[in-house]
Amino acid sequence: MTTVHPEIAIVSSNMLTDLGLAGIVRSMMPGAEACLFTEFDELCRKDKGQFYHYFISVPVLVENARYFLERRHKTIVLIQGEEDTGRLPQDFHTLNICQSEDRLTRDFLMLARTAHGPHRSQPEAFRKASEQAPKTLLTPRETEVLRLVASGLINKEIAARMGISLTTVISHRKNLTEKLGIKSVSGLTVYAVMHGLVELKDI
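These figures come from a predicted structure and were not determined experimentally.

Sheet architecture is open: 5 strands sit in the order E2-E1-E3-E4-E5, paired in parallel fashion. Sheet topology places strand E2 (33-37) and strand E5 (93-96) at the edges, where each strand pairs with a single neighbour. Sheet twist, expressed as the mean angle between neighbouring strand axes with direction ignored, is 25°. Strand direction decides the pairing type here: strand E3 (residues 51-57) and strand E4 (residues 75-79), joined by 4 bridges, are parallel. Bridged to serine 57 within E4 is leucine 78.

Given below as structure tokens:
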């Protein structure tokens with residue numbers, strides 16, 4: 001069976017922002033391919049309908065509203081802090097990129113759990129990433145460690161909660177990250193929420 005790797009288009013003139021967001025997308029959606037574009041015309045030349053999502057800046061949306069209105073169920077507009085969103089067309093999801101990684105992780109998860117567009121389905125890339133994850137490879141102990149990591153506990157706290165040694169916790173974490181191919185805490189948190197191991201309100 002061929003593994004589908006979601007392609008995510010990131011369209012912005014700020015290369016540093018693009019690179020940072022690409023790294024976050026890859027960590028939160030294992031297997032996803034982040035494609036960076038600095039100009040809208042470049043995106044148009046490459047877009048053959050393969051992109052699961054478009055992460056775009058406010059200027060890109062405003063200048064090319066018709067294009068993205070047709071794709072609004074797959075479009076996420078990148079805003080910066082308290083940037084005025086009054087000029088944005090309705091029915092677009094937004095993501096504030098000027099915040100901590102923990103907050104950004106939570107917002108990504110909110111997008112994954114939010115009805116998206118007229119079909120009110122989970123955003124496609126998040127669903128694909130969830131479907132591909134090999135959750136059955138984890139042992140019950142690894143699963144419990146993952147749940148506690150996603151809940152915000154550090155190794156020492158996990159050891160105390162589970163009644164095992166710190167060395168054993170570290171071993172379980174090493175095994176589960178190797179099996180899932182996810183190293184960051186934010187990525188593990190996304191995985192745990194999407195597979196029902198922890199509630200969004202508890203992270």
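Below, the discussion takes up helix H10 (residues 185-194). Counting buried positions along H10 yields 9 of 10 residues, so the element is predominantly enclosed. Looking at H10, one finds that the buried residues are Ser186, Gly187, Leu188, Thr189, Val190, Tyr191, Ala192, Val193 and Met194. The positive-phi residue at the C-terminal boundary of H10 is glycine 196, with phi of around 75°.

Evaluation of the coordinates by the stated rule reveals 5 salt bridges. The salt bridge partner of lysine 179 is glutamate 142, with a shortest N-O separation of 2.9 Å. With lysine 179 in helix H9 (residues 166-180) and glutamate 142 in helix H7 (residues 140-150), this pair connects stretches of sequence that are 37 residues apart. By relative accessible area, lysine 179 is classed as partly exposed at 31%. Glutamate 142 sits in the buried class, given a relative accessible area of 3%. Among the salt bridges present, the one from glutamate 178 reaches lysine 174, with a minimum N-O distance of 2.9 Å.

Here we take up H7. By the burial criterion, the buried members of H7 are Glu142, Val145, Leu146, Leu148, Val149 and Ala150. At its buried positions, H7 is contacted by helix H8 (155-162), H9 and H10. At the C-terminal side of H7, glycine 152 shows a positive phi close to 100°.

Counting residues in each nonpolar core, the largest one holds 23 residues, and the members touching the most others are Leu146, Ile158, Leu176, Leu180 and Leu188. For this core, the secondary structure elements donating two or more residues are H7, H8, H9 and H10. With 6 residues, the top contributor of residues to this core is H10. The contacts of leucine 146, once residues within four sequence positions are left out, are Leu138, Leu176, Leu180, Leu188, Tyr191, Ala192 and Leu197.

A few words on the packing of H9 against H10. When two helices pack together, you describe them by how their axes are tilted relative to each other and by the distance separating the axes. Between H9 and H10, whose axes approach to 12 Å, the crossing angle comes to 75°. In terms of axis orientation, H9 runs roughly perpendicular to H10. Of the residues in H10, those in contact with Arg173, Leu176, Thr177 and Leu180 of H9 are Val185, Leu188 and Tyr191. Residues belonging to the contact of H9 with H10 are distributed by class as follows: 5 nonpolar, 1 polar and 1 charged.

Rules and cut-offs
- Residues numbered from 1 in each chain as written.
- Predicted model: local features only at pLDDT ≥ 70, side-chain atom pairs only at ≥ 80, totals over all residues.
- Heavy atoms only, no water.
- Pairing = 2+ DSSP bridges.
- Helix = DSSP H or I, 4+ residues; strand = E, 2+ residues; numbered from the N terminus.
- Axes fitted to C-alpha atoms, helices over the stretch in contact; angles between N-to-C directions.
- Buried < 20%, exposed > 50% of the residue type's maximum accessible area, 1.4 Å probe, protein only.
- Salt bridge = Lys/Arg side-chain N within 4 Å of Asp/Glu carboxyl O.
- Contact = heavy atoms within 4.5 Å.
- Core = buried A, V, L, I, M, F, W, Y, C linked by side-chain atoms within 4.5 Å.
- Parallel < 35°, antiparallel > 145°, perpendicular 65-115°, else oblique.
- Nonpolar A, V, L, I, M, F, W, Y, C, P; charged D, E, K, R; others polar.

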